[in-house]
Each structure stands twice: as C-alpha cells, then as structure tokens.
Amino acid sequence: MSKLGNIGARLYRGEVGYDFIGKRMIWYGISILITITAIVGLSVRSLNMGIEFSGGAVFTTPKTSVSTEEARHRAESAANGHQAVAQKLGGGALRIQISGLDTKQALPVQEELAKDLNVPVKDVNTQLVGPSWGQQIADKAWLGLGIFMVLVVLYLAVAFEWRMALAALVALIHDLTITVGVYALVGFEVTPGTVIGLLTILGYSLYDTVVVFDSLKEASKDITKQNRFTYGEIANRSINGTLVRSINTTVVALLPVAGLLFVGGGVLGAGMLNDISLALFVGLAAGAYSSIFIATPLVADLKGREPQMQALAKRVLAKRAASAAKEAREEGQPDAAPADDEAEDAAVVGPRQQPASRSRGRGPSGKRR
C-alpha cells in the first residue's frame, strides 16, 4: 500500500486525525476575510460583462499579422472610445468585440477596421448582439441558479436534515461569492461560458459536501445511546475519514482545468476557455475548502445547540473525568475522599475480621467464661 493510501486508511479508522471542528473559528475567520476581499473587489472593479449580456458587435477578421493589443487599440479608436476586446483565433485570425455598438455604428467601425488591418471590408464578418437578448440570457441564468439552489436545499433536507441543507447552502453561496469576486479582481470577461462554469462548480462543491454528510449521517446513527464521543468529535472523524478521498477527487479535477486555464487560455489564447476554466479552477478549489472547513463544522455547531447533544456532551465529559480520576487512584495518587474511607475502615478492621463465635464470651485461652 502506498504511503498516501496508508495515511488514508489510518484516517478512516480514526487512528490519526486533525481537529477540524475544534479549530473551526480559524476557518470561519479565513472564509470571512476571503469573502470580504471578494465583495470589495466586486464593488470596486465590478464585473466585466461580455457583449452577450451588455450588447455590442463582434468582428471576425481573416489572417493578419497585427497583434491583439494593437488590434484592440485600433478598434477602440474606430469605435470612438467604446471598450474593445481582441482575441487571436486559429490560423492567425482575430475576434474583436466592441460593447455598446448598434447597427448604425457597426458599419463605419467595420470599414475602419478593414482599413487599419489592411484586409478587404467584405472579409470582416460582423455580428450584432442586442442588449435585450443579453438581458434575457442573464435572467435565465439567475432563474436557473435559483431553481438549482431550491432543489439542493429540498434534497438535502429530505435525504439528511435541515441543518445539513442550511450548511450546504451557506457553503455554495461562499463558493459563488469567492469565484465572482476573483472574476472581478482578475478582470476576465463574463460570458455564457462563465455561467456554465459557475453552474458546474456548484455540482462539484455539492458532491464533496454530500460525501462528508453521508459519512456523518452513518456515524451519528443512535449517537445518544453511547457515551464515548460527542457529535462534534464524530463530525471530525467523518471529515478525516473522507479527507484523502476529497483531496484526490479535487486534485484529479483541477489538473485538466489547470491545463485549460494556463495552457489553453494563457499560451494558446483561446478566448472562451479562459471564461470557463477560471470559474472551474477557482470554484473547485473553493468547493473542496468549503465542504471540509465550512459545511461540516457549521453542522456541528448547529447540532451542538440541541438539548440532546448538549446532554450527550456532558455525559461524555463526565465519563472521561471519572475515568481519569480512577486511573489517578490506581497509580497511587492521593485523593481526599478515599483517604477518609480508608481511615474509617482501619478503625473497624479488627472486629470485622474476627469470627462471631470467638468474639464473644471467650478469654485469652479460648475457653468460654
């Protein structure tokens, strides 16, 4: 068995482990700090919405030697300051997006681009996207996200319990906020590919969370009938038991996504790959983090407020205190209460050890008086 597999087996059996639940306030603080940073970034820079949402024109040129940066400057100059995004396509072609253009403005820009790039006007393909269509796409995206959230909460409430459903919902919102905040800070364009990536990461995040919840549900069955572990300790064992599995699935999922982001998007310059891969990369990492450090500790906090779980914790702690005191006595350490009992026994030990027939009416010689 490999070293990692051996560690995973020992984690599963509870022989080793890390106290995730006991240090939950640290994880909460880190998550709050990251979330605040994402919200500030979103407020300061805002999202760079693509023309699919804001409306505009897309110009596709034939092969040209002009760089993307130079093409962007020329496009913005031709469009009188409208924001432009230029991307290299296969074979040396260019795809130039200019937001906020209408039909009347698109034709002069097409002619100016053809002149600047030294290509025939008829070879510059122009597509217009109206803002109303983009608004419809945005509305459908929000609707799909809302339906997904409702179905997730209902499923988890039925399959597990409402506390787990609430914790999973908080984790999903946490992942979405961080991903959207990173998008704002990096400045990547938000396209329909971004929406696809966001919906995909919600599924991955939910998968990791459900794996831990399923282990916790099985381990906490009839928990009040035992006095060995509190609910928080069982939750901690569940996290450790599935830790290696969660790490493996996350790493395996992140490797191809990293290839899309850094090779496909960064080196090859494939435009929409950037939109999808950044959402997937950030979302997968945040989802793995939230399922371990946010969702399960939050469930342990909510369950720990129940009277039954509070009573269980008291019984477990009392039993451990009694066991510790017993071990201390067996090791010969003095204890005030047993010392008084021993003194009382010493005062009566003689008569108690005398047979009844010989303790009355006999002299020193043993004969009845």
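Residue positions are given per chain, counting from 1 as you read along its sequence in written order. Only residues with pLDDT of at least 70 get local features here, since the model is predicted, and only at 80 or more are side-chain atom pairs given and counted; chain-wide, interface and lining totals rely on the full set of residues. Side-chain figures throughout are based on the complete set of non-hydrogen atoms in the structure, without hydrogens or water.

### Some points on the overall build of the chain
- Secondary structure elements follow DSSP: runs of H or I of four or more residues count as helices, runs of E of two or more count as strands, with numbering from the N terminus. From N to C terminus, the chain includes 13 helices and 6 strands.
- For every residue, the accessible area obtained with a 1.4 Å probe (protein chains only) is divided by the maximum for its type, and the residue is called buried under 20%, exposed over 50%, and partly exposed between those limits. Every one of the 369 residues in the chain was classed for burial, and the buried ones make up 38%.
- Every residue pair with non-hydrogen atoms within 4.5 Å of one another is taken to be in contact. Contacts in the chain between residues at least 24 apart in sequence constitute 74% of all its contacts with a sequence separation of at least 6.
- Surface exposure here means Shrake-Rupley accessible area, sampled with a 1.4 Å probe, where a residue is shielded only by the protein chains that are shown. For the chain, the accessible area works out to roughly 20800 Å², and carbon and sulfur atoms hold 60% of it.

### Thoughts on unusual backbone geometry
- Of note in the backbone geometry, D222 takes a positive phi value of approximately 55° without being a glycine.
- By the secondary structure assignment, D222 is in the loop between helix 8 (192-219) and helix 9 (231-241).

### Notes on the packing of aromatic side chains
- When two rings of Phe, Tyr or Trp (its six-membered ring) have centres within 6.5 Å they constitute a pair, described as stacked for plane angles under 30 degrees, edge-to-face for angles over 60, and tilted for the intermediate range. Counting across every chain of the model gives 6 aromatic pairs.
- The interplanar angle of 70° and the centroid separation of 6.2 Å between the aromatic rings of F160 and F213 together place this pair among those described as edge-to-face. Of this pair, F160 sits in the loop between helix 6 (131-159) and helix 7 (162-186) while F213 sits in helix 8, placing them 53 residues apart in sequence.
- Ring plane angle 25° and centroid distance 4.8 Å describe the contact between Y289 and F293, whose orientation is recorded as stacked.

### Comments concerning the pairing of strand 4 (residues 94-99)
- Pairing between strands is defined by DSSP: at least two bridges between the two strands are required. Sheet analysis places strand 2 (residues 56-61) next to strand 4, joined by 6 bridges and oriented antiparallel. If you follow G56 over to strand 4, its bridge partner there is S99.
- Across 5 bridges, strand 3 (residues 84-88) lies against strand 4 in antiparallel orientation. Bridge pairing links A84 to I98 in strand 4.

### Observations regarding the environment of H82
- Residue position: H82 is located in the loop between helix 4 (68-78) and strand 3.
- Residues H82 and G56, spaced 26 residues apart in sequence, show a C-alpha to C-alpha distance of 9.6 Å.
- Those residues in contact with H82 that lie beyond four places of it in its chain are E76, I98, S99, G100, L101 and Q105.

### Brief notes about a nonpolar patch on the surface
- Excluding any residue in a salt bridge, patches collect residues exceeding 30% relative accessible area, merging like charges within 9 Å and nonpolar Val, Leu, Ile, Met, Phe, Trp and Tyr side chains within 5 Å. By convention in these notes, a salt bridge is any Lys or Arg side-chain nitrogen within 4 Å of a carboxyl oxygen on Asp or Glu. A contiguous nonpolar patch, built from L143, I147, V150, L151 and L154 and spanning about 490 Å² of accessible area, is present on the exposed surface.
- Among the structural elements, I147 can be located in helix 6.
- I147 sits in the partly exposed class, given a relative accessible area of 45%.

### Let's talk about the nonpolar core
- Think of a nonpolar core as a cluster: buried Ala, Val, Leu, Ile, Met, Phe, Trp, Tyr and Cys residues, connected wherever their side-chain atoms sit within 4.5 Å. If you look at the biggest cluster of nonpolar residues, it comprises 44 residues, and the most contacted ones within it are F20, L156, M164, F213, L216, Y231 and V299.
- At the level of secondary structure, the elements contributing two or more residues to this core comprise helix 2 (24-45), helix 6, helix 7, helix 8, helix 9, helix 10 (243-267), helix 11 (271-304) and helix 12 (307-330).
- Among the elements that make up this core, the one with the highest residue count is helix 11 (9 residues).
- Each residue touching Y231, except ones within four places of it in the same chain, is listed here: E161, M164, L216, S220, I223, V299, A300, K303, M309 and L312.
- Grouped together as the second largest cluster of nonpolar side chains are 20 residues, A84, A86, I96 and L113 included.

### Observations regarding helix 12
- Multiplying one less than the number of residues by 1.5 Å gives the expected span of a helix. Compared with an ideal rise of 1.5 Å per residue, which puts 24 residues at 34 Å, helix 12 spans 35 Å between its outermost C-alpha atoms and is within 8% of the ideal.
- Three or more residues of helix 12 are buried, namely M309, L312 and V316.

### Considering the confidence of the model for the chain
- On a scale of 0 to 100, pLDDT captures the predictor's confidence in every residue. A residue-level look at the chain finds 82% of positions with pLDDT of 70 or above and a mean pLDDT of 78.
- Per-residue pLDDT stays below 50 along residues 335-369; that stretch engages in 12 contacts with residues further than four places along the chain or on separate chains.

### With respect to the sheet that holds strand 5 (residues 125-129)
- The antiparallel open sheet is built from 4 strands, whose spatial order is 3-4-2-5. Because the sheet does not close on itself, it has two edges, and the strands there are strand 3 and strand 5. Taken pair by pair, the neighbouring strands of this sheet meet at an average axis angle of 15°, ignoring direction.
- Pairing geometry for strand 2 and strand 5, over 5 bridges, is antiparallel. Across the sheet, V58 pairs through a bridge with Q127, a residue of strand 5.
- Seen against the sheet, helix 5 (residues 103-117) touches strand 2, strand 4 and strand 5 and runs at an angle of roughly 25° to strand 2. To define axes, lines are fitted to C-alpha atoms, for helices over the stretch in contact only, and angles between the resulting N-to-C directions are given on a 0 to 180 degree scale.

### Some words on helix 4
- Restricting attention to buried positions, one finds in helix 4 the residues A71, A75, E76 and A78. Each buried residue of helix 4 sits inside an arc of 160° when the element is viewed along its axis, so together they form one side.
- Residues of helix 4 that are buried sit in contact with strand 3, strand 4 and helix 5.
- Of the residues flanking the end of helix 4, it is N80, one or two places downstream, whose phi is positive at about 60°. Note that the arc is defined by the directions from the helix axis to the C-beta atoms.

### Some details on the side chain of D208
- Here D208 lies in helix 8.
- None of His or the chain ends enter the tally, which takes Lys and Arg as positive and Asp and Glu as negative. The buried charged residue D208 lacks any salt bridge partner; its closest oppositely charged side chain belongs to R245, at an N-O distance of 7.2 Å.
- Apart from the residues within four sequence positions on either side, D208 is in contact with T249, T250, A288 and S291.

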